[in-house]
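# Structural characterization, general
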Amino acid sequence: MTSKLNILIITYYWPPSGGSGVQRWMYFSKYLKEMGHNPIVVSVDEKYASYNQKDYSLLKEIDNIETYKTKSFDLLKLYSFIKSGNTTKSIPQSYIPNKSFFDKFTSFLRLNFFIPDSRVGWNKYAYKKAINIIRNKNIDCLITTGPPHSTHLIGPVSYTHLRAHETRGNLVCRLLLE
C-alpha cells in the first residue's frame, strides 16, 4: 500500500446537510479513512449555510473525519427570510420560481450578479481555512466538490498555494484537478 495521504476536501454540502449529494463525499471520506488515509474536510457551518434539508443521523458516519466549519455570507437565507419570514423555509432548490415580481427580481439578481452561483459568499471563508490547513497539515491532495460550482473557484488558488508548500515529490491527485 502507498503511504498515508493527507487529502483536503472542500465541500459545501456536508452533514448535517441532508440529501443524496452529501453522501457521495461523506462515504468517500469515510472509506478513505478506513483505507489508512487522512481526509480533512472544509465545509460551511450549518448556522451560516442555506441547506434546504438536514439529516443529523449522518453525523455518526463522519465522527472520526477531521472537519473544519466556516462562516458564509449566503444570500439565499436572506431571500428565504424576506419570502417567508424564516431563513430556511423558502430556500429554492436549483432555481428561484418566477411567479411574482419579487421572484422575478431576485432571480434576475441571482443570475446576473452572483456568478457562478448564489453561494459564492462562502468562498473567502473556505479559502482562508483551506490555506491555513495547507500550511499546517502537510496536504498531499486537494479536492473541490460541487455544486455549488463556486466551490471550484477555491481550488485553483489553494492548489497554487499547495504546490508552493509541497514537500512530497509529485502531487498524487493532480489529475483530479486538471
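Please read these numbers as outputs of a predicted model, since none were measured by experiment.

Turning our attention to the overall build of the protein chain. Scanning the protein chain from N- to C-terminus turns up six helices and four strands. In the protein chain, the succession of helices and strands from N to C terminus is β-α-β-β-α-α-α-β-α-α. Among the 178 residues that make up the protein chain, the fraction classed as buried is 44%. Long-range pairs, those at least 24 residues apart, make up 76% of the contacts in the protein chain between residues at least 6 apart in sequence. Carbon and sulfur atoms make up 57% of the accessible area of the protein chain, which amounts to about 9,800 Å² in all.

A separate point is the sheet that holds strand 1 (residues 6-10). Read across the open sheet, the four strands follow the order 3-2-1-4; overall the sheet is parallel. What marks the edges here is a single partner per strand, and that holds for strand 3 (66-70) and strand 4 (141-144). Averaged over all neighbouring strand pairs, the angle between strand axes comes to 20°, with direction disregarded. Strands in contact with helix 1 (residues 20-34) are strand 1, strand 2 (38-44) and strand 4; relative to strand 2, the strand with the most contacts, it is inclined by about 155°.

It is worth spelling out the pattern of salt bridges at this point. Going through the model one piece at a time under the given rule, you end up with four salt bridges. The salt bridge partner of K54 is E46, with a shortest N-O separation of 3.6 Å.

Time to look at the nonpolar core. Membership of the largest hydrophobic core comes to 17 residues, with the highest contact counts inside it found for L8, I10, V42 and W122. Of all elements in the fold, only strand 1, strand 2 and helix 4 (123-137) reach the threshold of two or more residues within this core. The element best represented in this core is helix 4, accounting for five residues. Non-local contacts of W122, meaning those with residues more than four positions away in its chain, are made with I10, T11, Y12, V42, S43, V44, T70, K71, S72, F73, T151 and I154.

Where nonpolar side chains cluster on the molecular surface, the patch consists of L78, F81 and I82 and spans about 300 Å² of accessible area. Looking at where I82 falls in the secondary structure, it is placed in helix 2 (residues 75-84).

Before going further, it helps to examine unusual backbone geometry. Residues P15 and P16 are joined by a peptide bond in cis, for which omega reads 20°. Relative to the helices and strands, P16 resides in the loop between strand 1 and helix 1. P147 connects to P148 through a cis peptide bond whose omega is -5°. Checked against the element boundaries, P148 lands in the loop between strand 4 and helix 5 (154-164). Backbone geometry at N138 places phi at a positive 50°, although glycine is not the residue there. In this structure N138 comes out as partly exposed when scored by relative accessible area, which is 34%.

Here the focus is the pairing of strand 4. Of the two faces of strand 4, both are covered, the one formed by C141 and I143 as well as the one formed by L142 and T144. Summarising the sheet, strand 1 and strand 4 pair through four bridges and their orientation is parallel. Opposite I10, over in strand 4, you have T144 as the bridge partner.

With that settled, the discussion passes to the environment of N136. Here N136 shows up in helix 4. Polar contacts involving the side chain of N136 include one to the main-chain carbonyl oxygen of N132, which spans 2.8 Å.

Calculation rules
- Each chain carries its own residue numbering, running from 1 in the direction its sequence is written.
- The model is predicted, so local features are restricted to residues of pLDDT at least 70 and side-chain atom pairs to those at 80 or more, both for listing and for counting; the totals for chains, interfaces and linings are taken over all residues.
- Values reported for side chains reflect all heavy atoms of the structure, with hydrogen atoms and water molecules removed beforehand.
- Put simply, DSSP H or I for four residues or longer makes a helix, DSSP E for two residues or longer makes a strand, and each gets a number counted from the N terminus.
- Buried, partly exposed and exposed residues are distinguished by accessible area as a fraction of the type maximum, computed with a 1.4 Å probe on protein chains only: under 20%, between the cut-offs, and over 50%, respectively.
- In what follows, a contact means two residues having at least one pair of non-hydrogen atoms within 4.5 Å.
- Calculation of accessible area relied on Shrake-Rupley with a 1.4 Å probe; when residues are assessed, cover is drawn exclusively from the protein chains displayed.
- Paired strands are those between which DSSP finds at least two bridges.
- Here, axes are lines fitted to C-alpha atoms. For helices the fit covers the stretch in contact, and angles between N-to-C directions go from 0 to 180 degrees.
- Here a salt bridge means any side-chain nitrogen of Lys or Arg lying within 4 Å of a carboxyl oxygen belonging to Asp or Glu.
- Take the buried Ala, Val, Leu, Ile, Met, Phe, Trp, Tyr and Cys residues and link them wherever side-chain atoms come within 4.5 Å; each set so joined is a nonpolar core.
- Like charges within 9 Å and nonpolar side chains (Val, Leu, Ile, Met, Phe, Trp, Tyr) within 5 Å are joined into patches, using only residues over 30% in relative accessible area that form no salt bridge.
- Any pair of nitrogen or oxygen atoms within 3.5 Å is treated as a polar contact; in protein, a donor-acceptor pairing is required on top of that, and neighbouring residues in sequence qualify only through side-chain atoms on both sides.

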